[in-house]
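Inside the fold
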Amino acid sequence: MNAYLINANKSILQNPLELAFLRLPLDFIFPPLFFFLVFNKLRARFFLSKIIIEAGSLSVRQRLKELAEYRELLWTLAYRDVRVRYAQTAVGFAWAIINPLLQILLLSFVFGTVAKTGTGESNVPHILYTTAGMCGWVYFSNVLSGASNSIIGAQSMVKKIYFPRLILPLSKALTAFIDLAVMLGIILFLMFIYGIMPTTSILFLPFFLFIAVISGLAVGIWLSALTIRFRDFKQITPLMLRLGMYATPIAYPASAVPEQYQLLFFLNPIAGVVEGVRWSLIGGEEPSNYILLSFGVVLILFTWGLLYFLKIERSIADII
Amino acid sequence: MSKKVIRVNHISKRYIIGQGKNSSLYHTIGNLFKKGTPSKEEFWALNDVSFDVEEGEVLGVIGKNGAGKSTLLKILSRITEPTYGKIQITGRVASLLEVGTGFHPELTGKENIFLNGSILGMKRQEINAKFDEIVDFSGISKFIDTPVKHYSSGMYVRLAFSVAAHLEPEILIIDEVLAVGDKEFQDKCLGKMNDVSKLGRTIVFVSHNMNLISLLCKQCLLLKGGKILTLGNTQKVVESYLFDESHTYFDRKKSQNISKCSLLNSSKSEVTSLKFGEPFYFSVTLNNDFDSHRVYVSFLLNNENGIRILSSRSVDGDYYISKDEKGVVKNSFTAFYERLFLRPNVKYLLSIRLLEQKGHEIEYIHNVLEFQVEDIPHNPNIRFSGGYGIVANQPIWNVE
């Protein structure tokens, strides 16, 4: 083995798990988990842990508690995904920028220049409008495509070792924060170039990003569970994402959709998030109340998906 | 009095066979509109298994392929759920069903230690604290910052095992993972296992290697067809595994001329496996029909690769089917092999030829009997020392 190989991989991230900036969102998403963790550490100090193995022995609460115990694995897996993603590519991390950038240019050209959909009431260049719309979408689509294959992709692990399976789709929701960060970087840069200041609506950004995470997880958990059983979803997911890109108000305002279709339009779980994130970033026209419908869909999908996943979790190794 | 850390109570596990066929989206949706449930076949991988493991005990689990060993381990390590029954485990459990679970080829050795460690349930501080020890044990410190895809398979496995060897749970569940690396590394692993068991940790250990089982375990569990056949003292259980008669291939329908054919061990009981270095007999009883001709038998022994190891003819010892003074037919041949040290862990197949004195062949019966030689020394002073060759006889050495 030559010296080149040995030195080539002294990465910037020498110490695994040192993605401190990634730690924040999770604690933010699951404060209850944090509580459980502390509680458990205390408990473990006084009692020897006892495991009971039985058909359907764990309640949903116990499973969530267990999830908290395996928090480190979640970080490790997310770190692995990030680390491995652009391994052996010529431009490396630059792909994380080039990719969305080209998508933005294309969308902006089709909707802004050719179809002239306008930007609603906001007076910003169309390219900026599209970029703001892409923020929510990029996160969502990355979670989805990652999560749907997450369990199939980790088959060998699932068959050989025990851990809460929910960690697999969850880790994809973490990894996608990198893409979100890149998008936010791009938009800040563009706003700076065009001299546009964020309005007070930016205060709502964390809230909408939170919903973005939940909606990504809602659909992602469903897809990961369904893909185990029906491999058809390996084909369905990319198709859904391609169609969804046009059915979501990324490069055009939702208000451009005819009134009679609004209800249907906002059944799309990501439509509300994209509208919300864009509004909080560049201001302009306030999102319509229809986004609440979208959020409602997200909430139902998330709760239902989570319960379904926890129900089938223990039999995953048998089905896969 | 030691306490019971694992209590297994009436565990059963059912698998549905043929589920794969009907699991596509098309079929599931189709089935929604069909009346009645689709026909499914059940298979019980484990059937009403109960046992206890005491603290500090090393329990060996043996059995043939398909006996339910892996299913038992999977249930104990919580990978799948039992269909019925309950298990109570007190203490932290780590299971090693494979070495290097989750290793990623693009990551460096160092990163993989962290990754694999946390997959196996180690905390980050724990890995940090033991990091140097792990690297030392693996003996590849020079390449620790190289992606593991550039490792040789030996280096890969050594690194993987080193992580696993430094787990410190109260209960360790191990599948046959020790069969990795070269002899030196294997000894190192064995030593580590011994250390771990001496520290009072409880181990459940599955292996096909009877030698290892007898070395490490005091208690042993023999599974067959999803049920416990024997449970108790290792020596006793291993014997009953070797004596298990369902091994034999001999089928009466195979030949009209033979009524019985068997392998006998040194104490003349019928067996299907031998210990290494054990004297043995081949025995065959013919039907009475050959009164007029001088009929003799020939034993032909092949190993599983079809290599002929020996052929012995009773005619060479001048033995034929004959009658004694009272007219009783003597038709049972035995051949005693006192010092034929067949190489262990290989399958052997016995074929028999029936011939007349003139050389005319009456019948050639292929593979009447199948047996195996286990890596357990018959005589504690003579162990199988490895090496090549189809037999492993020890010569009488001398140097002058």
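Residues numbered from 1 in each chain as written. Chains lettered and ligands numbered in written order. Predicted model: local features only at pLDDT ≥ 70, side-chain atom pairs only at ≥ 80, totals over all residues.

**Observations regarding the overall build of chain A**
Along chain A, the regular secondary structure elements total 15 helices and 1 strand. Looking at chain A residue by residue over its 320 residues, the buried ones come to 40%. Put simply, 84% of the contacts in chain A that link residues at least 6 apart link residues at least 24 apart. (Helix = DSSP H or I, 4+ residues; strand = E, 2+ residues; numbered from the N terminus. Buried ≥ 20, exposed ≤ 12 C-beta atoms within 10 Å, placed from the backbone. Contact = placed C-beta atoms within 7 Å.)

**Some thoughts on the interface of chain B and chain A**
Counting residues at the interface gives 41 residues for chain B, matched by 35 residues for chain A. For the side of chain B that touches chain A, the leading source of residues is strand S4 (residues 84-90) of chain B, giving 6 residues. Residue classes in the side of chain B that touches chain A are distributed as 15 nonpolar, 16 polar and 10 charged. Bridge analysis of strand S1 (residues 50-54) of chain A against S4 of chain B gives 5 bridges, and the strand direction is antiparallel. Its bridge partner lying in S4 of chain B, Glu-54 of chain A is registered against Lys-86 of chain B. (Nonpolar A, V, L, I, M, F, W, Y, C, P; charged D, E, K, R; others polar. Pairing = 2+ DSSP bridges.)

**Some words on the sheet that holds strand S15 (residues 308-313) of chain B**
Residue and element names in this part refer to chain B. The 5 strands lie next to each other as S12-S20-S19-S14-S15, forming an open sheet whose pairing is mixed. At either end of the open sheet lies a strand with only one pairing partner, and these are strand S12 (273-276) and S15. Ignoring which end each strand starts from, the neighbouring axes of this sheet average 25° apart. Sheet topology note: the strand S14 (residues 295-303)/strand S19 (residues 347-356) ladder contains 9 bridges and is antiparallel. Along S19, the bridge assignment pairs Asn-303 with Tyr-348. (Axes fitted to C-alpha atoms, helices over the stretch in contact; angles between N-to-C directions.)

**Description of the pairing of S19 of chain B**
Note on strand geometry: in a regular strand, side chains alternate between the two faces of the sheet. Residue and element names in this part refer to chain B. When S19 meets strand S20 (residues 361-377), the two strands line up antiparallel, connected through 8 bridges. Residue pairing in the sheet places Leu-349 in a bridge with Glu-370 of S20. The turn linking S19 back onto S20 is made up of 4 residues, and Gly-359 within it adopts a positive phi angle of 105°.

**Things to note about the packing of helix H10 (residues 205-229) of chain A against helix H14 (residues 290-312) of chain A**
Any two packed helices are characterised by how steeply their axes cross, that is the angle between the axes, and by the distance between the axes. Residues and elements named next belong to chain A. Running from amino to carboxyl end, H10 crosses H14 at an angle of 40°, the nearest separation of the two axes being 8 Å. Relative to H14, H10 is oriented oblique. Crossing hand, H10 versus H14: left-handed. Along the contact surface, H10 presents Ile-211, Ile-214, Ser-215, Leu-217, Ala-218, Val-219, Ile-221, Trp-222 and Ala-225, while H14 presents Phe-295, Val-298, Leu-301, Phe-302, Gly-305, Leu-306, Tyr-308, Phe-309 and Ile-312. Within the contact of H10 with H14, the residues separate by chemical class into 16 nonpolar, 2 polar and no charged. (Parallel < 35°, antiparallel > 145°, perpendicular 65-115°, else oblique. Left-handed = near helix turned anticlockwise from the far one by under 90°.)

**Some remarks on the sheet that holds strand S10 (residues 258-264) of chain B**
Strand order in the open sheet formed by 4 strands is S11-S10-S13-S18 (chain B), with antiparallel pairing between adjacent strands. Each having just a single partner strand, strand S11 (270-271) and strand S18 (332-337) of chain B make up the two edges of the open sheet.

**Description of unusual backbone geometry**
At Lys-268 of chain B, a residue that is not glycine, the phi angle is positive and equals roughly 65°. Following the sequence through the fold, Lys-268 of chain B ends up in the loop between S10 and S11.

**Some remarks on helix H13 (residues 271-282) of chain A**
Residues and elements named next belong to chain A. Over its 12 residues, H13 runs 17 Å from end to end, which matches the ideal 16 Å to within 8%, given 1.5 Å per residue. H13 sits mainly inside the fold: 12 of its 12 residues count as buried. Of all the positions in H13, only Ala-271, Gly-272, Val-273, Val-274, Glu-275, Gly-276, Val-277, Arg-278, Trp-279, Ser-280, Leu-281 and Ile-282 are classed as buried. Lining the buried residues of H13 we find helix H7 (126-153), helix H9 (167-194), H10, helix H12 (262-265) and H14. In the stretch just after H13, Gly-283 is the one whose phi turns positive, near 70°. (Expected span 1.5 Å × (residues − 1).)

**Description of helix H3 (residues 109-119) of chain B**
Within H3 of chain B, 11 of the 11 residues are buried, which leaves it mostly tucked inside the rest of the structure. Among the residues of H3 of chain B, Gly-109, Lys-110, Glu-111, Asn-112, Ile-113, Phe-114, Leu-115, Asn-116, Gly-117, Ser-118 and Ile-119 of chain B are the ones counted as buried. In this structure, the buried residues of H3 of chain B make contact with helix H5 (71-85) and helix H8 (155-160) of chain A together with helix H4 (124-138) and helix H5 (153-165) of chain B.

**Section: the packing of H5 of chain A against H3 of chain B**
Running from amino to carboxyl end, H5 of chain A crosses H3 of chain B at an angle of 145°, the nearest separation of the two axes being 9 Å. As H5 of chain A runs across H3 of chain B, the sense of the crossing is left-handed. In contact with Glu-72, Leu-73, Thr-76, Arg-80 and Arg-83 of chain A of H5 of chain A, H3 of chain B contributes Glu-111, Phe-114, Leu-115, Ser-118 and Ile-119 of chain B. Per-class residue counts for the contact of H5 of chain A with H3 of chain B are 4 nonpolar, 2 polar and 4 charged.

**Re the confidence of the model for chain B**
Residues and elements named next belong to chain B. For chain B, per-residue confidence averages 82 on the pLDDT scale, and 88% of positions sit at 70 or higher. Looking across chain B, the model is least confident in helix H1 (residues 25-33), with a mean pLDDT of 66, and most confident in S18, with 91. Reported for the predicted complex are a pTM of 0.71 and an ipTM of 0.74. (pLDDT = per-residue confidence, 0-100.)

**Examining the pairing of S4 of chain B**
With 5 bridges joining them, strand S1 (residues 4-17) of chain B and S4 of chain B adopt antiparallel strand pairing. Counterpart to Asn-9 of chain B in the pairing with S4 of chain B is Lys-86 of chain B.

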